[in-house]
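Next come the chains, spelled out residue by residue.
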Amino acid sequence: MTNSKRKLSVAPMMDWTDRHCRVFHRKITRHTWLYTEMVTTGALVHGDVARHLRYSAEEHPVALQLGGSDPGELAHSARLGQEWGYDEINLNCGCPSERVQKGAFGACLMAEPQLVADCVKAMRDAVSIDVTVKHRIGIDKVEDPAFVRDFVGTIADAGCRTFIVHARNAILKGLSPKENREIPPLRYEVAYDLKRQFPDLEIIINGGVKTDDEIALHLEHVDGVMLGREAYHNPWIMAGWDARFYGDAATAKTRRQVLEEMLPYIAAQLAEFGPHGLKLNSITRHMLGLMAGLPGARAFRQLLSDPKRLAAGDPALLLEAADRMARAA
């Protein structure tokens, strides 16, 4: 629909899209935007900034997702994100977990659009990079599209130009975060309507997308598509994205080449942060789905899940797992 730079992206996912996962994903796709796990403002104001913001240069383009609701703390955290070299600051207004709600941020912020607007303005005043918002289409039983339309309109008035729309309601009480990703029905047409009502805004759709053809269909209506669980569990889906959606004619890698390219990264990380600060499994756990759907994939996963072999800390285990898969097939 447009030449949106965020045409494709991998969603921020707690415990999943850490810096090791993002490097692995970048080995598969050059152009797809990558997002950090949500980092709370408290962690940056009071915690170990380097631990939360450390990343590898090859991850670009990479966005920092923040969780918080205090404009001053968000501005401070956004400034840190820009200083560390992130390409975008994203505000989480979509997480429904009760733990996040106790901090008065996440999806419950959709009930306070003016506060979100104040937060966005404070961050935009603090940084020169893009400030974006990820949100749901409604909360609890509010299903009137006017709710999310007014939310987006208010935030847009504060200068936000990019909205990532998880096309489900967030149920704030009674459903777990996992259930909130599955039980509320997907209503893509609400996101499509937002693009029609705000044609000058960048509207990115998120939720339940699993195939390249589905991506192509959504791109007829909105500017970008964000995938979460499918990209994580079946990362090779991203292997064709650069060619199909970005027109990049470079020869795609093989799965084994991706494994080989990860070896120097893993060795360097283990040398810098191991053996007590980083375990091999911290990196390889993100790679278990690389062979999904191929004959012998189970043998690949089994070896990469062997506690004794992982404890030895030898990155060559990756290639050994690929060889075992080939024999099993």
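Bear in mind the structure is a predicted one, so any value in this text is a computation, not a measurement.

Visitor: Even after reading the chapter, I still don't get unusual backbone geometry, so can you show me in this structure?
Guide: Glycine aside, the phi torsion of most residues is negative, and most peptide linkages are trans. A cis geometry characterises the amide bond from His60 onward to Pro61, with omega recorded as -5 degrees. Tracing the backbone shows Pro61 in the loop between α3 (49-53) and β3 (62-67). Positive phi, normally seen in glycine, also occurs at Asp15, with a value near 70 degrees. With respect to the helices and strands, the residue Asp15 is situated in the loop between β1 (8-10) and α1 (19-28). Its relative accessible area of 53% is what places Asp15 among the exposed residues. Notably, Asp140 is not glycine yet its phi reads approximately 50 degrees, a positive angle. Within the fold, Asp140 resides in the loop between β5 (130-139) and α7 (145-157). Classification of Asp140 by relative accessible area gives partly exposed; the value is 32%.

Visitor: Is there a simple way to think about the packing of helix α6 (residues 113-126) against α7 in this case?
Guide: Two quantities define a packed helix pair, namely the angle between the axes and the distance from one axis to the other. Running from amino to carboxyl end, α6 crosses α7 at an angle of 30 degrees, the nearest separation of the two axes being 8 Å. In terms of axis orientation, α6 runs roughly parallel to α7. At the point where α6 passes α7, the crossing takes the right-handed sense. Touching Pro113, Gln114, Val116, Ala117 and Val120 of α6 are Phe151, Thr154 and Ile155, all from α7.

What counts as what
Residue indices begin from 1 for each chain and proceed along its sequence in written order. A pLDDT threshold of at least 70 governs which residues receive local features in this predicted model, and a stricter bar of 80 or more applies before side-chain atom pairs are shown or counted, although totals over entire chains, interfaces and linings include all residues. In computing side-chain properties, one takes all heavy atoms of the structure into account and sets aside hydrogens as well as water. Starting at the N terminus, helices and strands are each numbered in turn, a helix being any DSSP run of H or I of at least four residues and a strand any DSSP run of E of at least two. Remark: exposure states derive from per-residue accessible area (1.4 Å probe, protein chains only) relative to the maximum for the residue type, with buried under 20%, exposed over 50%, and partly exposed in between. Axis definition: a line fitted to C-alpha atoms, limited for helices to the stretch in contact. Angles are taken between N-to-C directions and run from 0 to 180 degrees. Angle categories are assigned with fixed cut-offs, so that under 35 degrees is roughly parallel, over 145 is roughly antiparallel, 65 to 115 is roughly perpendicular, and the rest are oblique. By definition, any crossing whose near helix is turned counterclockwise from its far helix by less than a right angle is left-handed, and any crossing with a clockwise turn is right-handed. Whether two residues are in contact is decided by their heavy atoms: any pair within 4.5 Å suffices.

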